[in-house]
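Observations on chain architecture
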Amino acid sequence: MNEYKYKVTIGMPVYGVEPYIRKCMLSVLNQSFADDIEILAVDDRGPDKSIDIIKELQESHPKGKNIRIITQPQNMRCWAARNRILEEAQGEYIMLIDSDDYISEDCLEKLYNQAVKHQVDVVYGSVLPVDIDGNPMDIGQDFLNQPYLVLRGEDCLANYANKDVHPTLRDFIWNILFKHDFIEKNHIRFKQARFNDDMICSCDMIPLVKSAVIIPDHTYYYVIRDNSLSNYQHRKEIKLDEIEEFIRIYTYLKNKCLELKSKPYFETRCTKGMILMFFMICGVLKNRDRIKPALKNEMVRDAMRHPLSLSNIIGFKKHKLINIGFYVIGKMPSNLSVQVIKIIGKRKRVL
């Protein structure tokens, strides 16, 4: 067992969040459980005054001494900033937050008490989506609200996350209290990605968890902004290389099931990976006219290639037909594949 200087480390990447960072930082500084924490703010060399606001809070807030600013050598993106937090953290437990969101006043108290009581690898809180004024929003993700559960044993969290093809556990990495020893024992780090590095890390991490607590309390406020990277609604042009990166990331998520063939949840996990890719591709096709240079049909079809052989899929006991359907879509001529995706997408009302 390692000896740690603090009970909890809260870490946040900081880049271009000047309008939001004060609220985020104050939500951490004003925790009911705040005497034995460190706050790591990773300066990712942003263009605004976010770090100046944090420095001012270091000086003016009664608990400002808990803040430690780590400066990256240059802008290295969120995945690298999160890895820096994992490497620098001195807390027995680690929590990651996004610096444009904020947490409830009793967030750490609730998560930490559950972690100590049950001696688990991770504790998940529930999440409340809000607009920039703090008003609750319904974004159609009921799984952000969780029941109270204590899970133990091999594959305990993965079985819960994959008990259905519909989402039962979010794939974000924030609002989770991790035991530091669990992070180090399993060598958990974020992979290089322009975005969605949290989804990749969650995908890698969940099968490794052998004990977890999930609580229904809203401990995290997820701020929905119109200008977020994943919101194409108001953008005149979308670069093709951005779409290529999305496809690369979702291909990783889809192909992860190849490592899980021995697991009881394998067939459901495989199906969910294909469904996730399908809905991402539908979003791409919906915005296709704005993608520059033009998106080729072959890229869409190739993204839908199934990671398993047809003989493997025929052996499925669950979700066989939908996987055969996905397999066929990935083998069709590209023009026909795109047309079939569009037809299904319109019936599902996502295109």
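Refer to the structure above for everything that follows.
Residues numbered from 1 in each chain as written. Predicted model: local features only at pLDDT ≥ 70, side-chain atom pairs only at ≥ 80, totals over all residues. Heavy atoms only, no water.

Here we look at empty space enclosed by the protein
As a reminder of what qualifies: Using a grid of 1 Å spacing that covers the protein atoms alone, one calls a set of points a cavity when a 1.4 Å probe fits there but cannot get out, and a pocket when the set is open and has protein on both sides within 12 Å along at least five of seven lines; lining residues are those with an atom within 4 Å of a point. Grid points are joined across faces, edges and corners, and a volume is the space filled by probe spheres set on the points. The classification used treats Ala, Val, Leu, Ile, Met, Phe, Trp, Tyr, Cys and Pro as nonpolar, Asp, Glu, Lys and Arg as charged, and all other residues, Gly among them, as polar.
The final tally for this structure, using the stated rule, is 1 cavity of 30 Å³ or more. If you add up the space inside the largest cavity, you get close to 40 Å³. Lining of the largest cavity is provided by Leu86, Leu96, Ile173, Phe178, Ile183, Ile188, Phe190, Cys201 and Met205. A breakdown of the residues in the lining of the largest cavity according to their chemical character gives 9 nonpolar, no polar and no charged.

Structural notes on the pattern of salt bridges
What counts, and what does not: Any Lys or Arg side-chain nitrogen found within 4 Å of a carboxyl oxygen on Asp or Glu counts as a salt bridge. Accessibility here uses a 1.4 Å probe with only protein chains present; expressed as a share of the type maximum, an area under 20% marks a residue as buried, one over 50% as exposed, and anything in between as partly exposed. Put simply, DSSP H or I for four residues or longer makes a helix, DSSP E for two residues or longer makes a strand, and each gets a number counted from the N terminus.
Following the criterion strictly, the structure yields 20 salt bridges and no others. Of the charged contacts in the structure, one is a salt bridge between Lys110 and Asp106, with a shortest N-O distance of 3.1 Å. Look at Asp106 and you get partly exposed, because its relative accessible area is 24%. Put simply, Lys210 and Glu154 hold a salt bridge, and the shortest N to O gap is 3.7 Å. Residue Lys210 is found in the loop between α7 (197-205) and β9 (211-223), and its partner Glu154 is found in the loop between β7 (149-152) and α5 (156-161); the two are separated by 56 residues along the sequence. Here the salt bridges share partners, and the residues they tie into one network are Glu38, Arg68, Arg84 and Glu88.

A word on helix α1 (residues 21-29)
Since the α-helix packs 3.6 residues into each turn, any two residues three or four apart lie on the same face. Stated formally: Residue contacts are counted whenever heavy atoms from the two residues lie within 4.5 Å of one another.
Here α1 has its buried residues at Ile21, Cys24, Met25, Ser27, Val28 and Leu29. The inward-facing, buried residues of α1 abut β1 (6-14), β2 (37-43), α2 (50-60), β3 (67-71) and β5 (102-103).

What to know about the packing of helix α9 (residues 266-286) against helix α13 (residues 334-347)
The criterion, for reference: Each axis is a line fitted through C-alpha atoms, taken for helices only over the stretch in contact, and angles between the N-to-C directions span 0 to 180 degrees. Each angle receives one of four descriptions, namely roughly parallel if under 35 degrees, roughly antiparallel if over 145, roughly perpendicular if within 65 to 115, and oblique otherwise.
Put simply, α9 and α13 touch, their axes get as near as 10 Å, and they point 100° apart. On the basis of their axis angle, the class for α9 and α13 is roughly perpendicular. Within the contact between the two elements, α9 uses Phe278, Ile281, Cys282 and Leu285 and α13 uses Val338, Ile341, Lys342, Ile344 and Gly345. Tallied by class, residues from the contact of α9 with α13 come to 7 nonpolar, 1 polar and 1 charged.

Some words on the nonpolar core
Using the following cut-off: We call a set of buried residues a nonpolar core when its members are Ala, Val, Leu, Ile, Met, Phe, Trp, Tyr or Cys and they connect through side-chain atoms within 4.5 Å of each other.
Among the nonpolar cores identified, the biggest contains 40 residues, and Val8, Met12, Met25, Met95, Ile97 and Leu177 are the most heavily contacted of them. Elements with a minimum of two residues in this core: β1, α1, β2, α2, β4 (91-96), α4 (107-118), β6 (122-130) and β9. In this view, Leu177 contacts Val8, Tyr93, Ile94, Met95, Leu108, Leu111, Tyr112, Ala115, Asp121, Val122 and Val123; residues no more than four positions away in its chain are not counted. One finds Ile70, Leu157, Ile183 and Tyr265 within the second-largest nonpolar core, a separate group that totals 35 residues.

Keep in mind that these numbers describe shape and distance, not what the molecule does.
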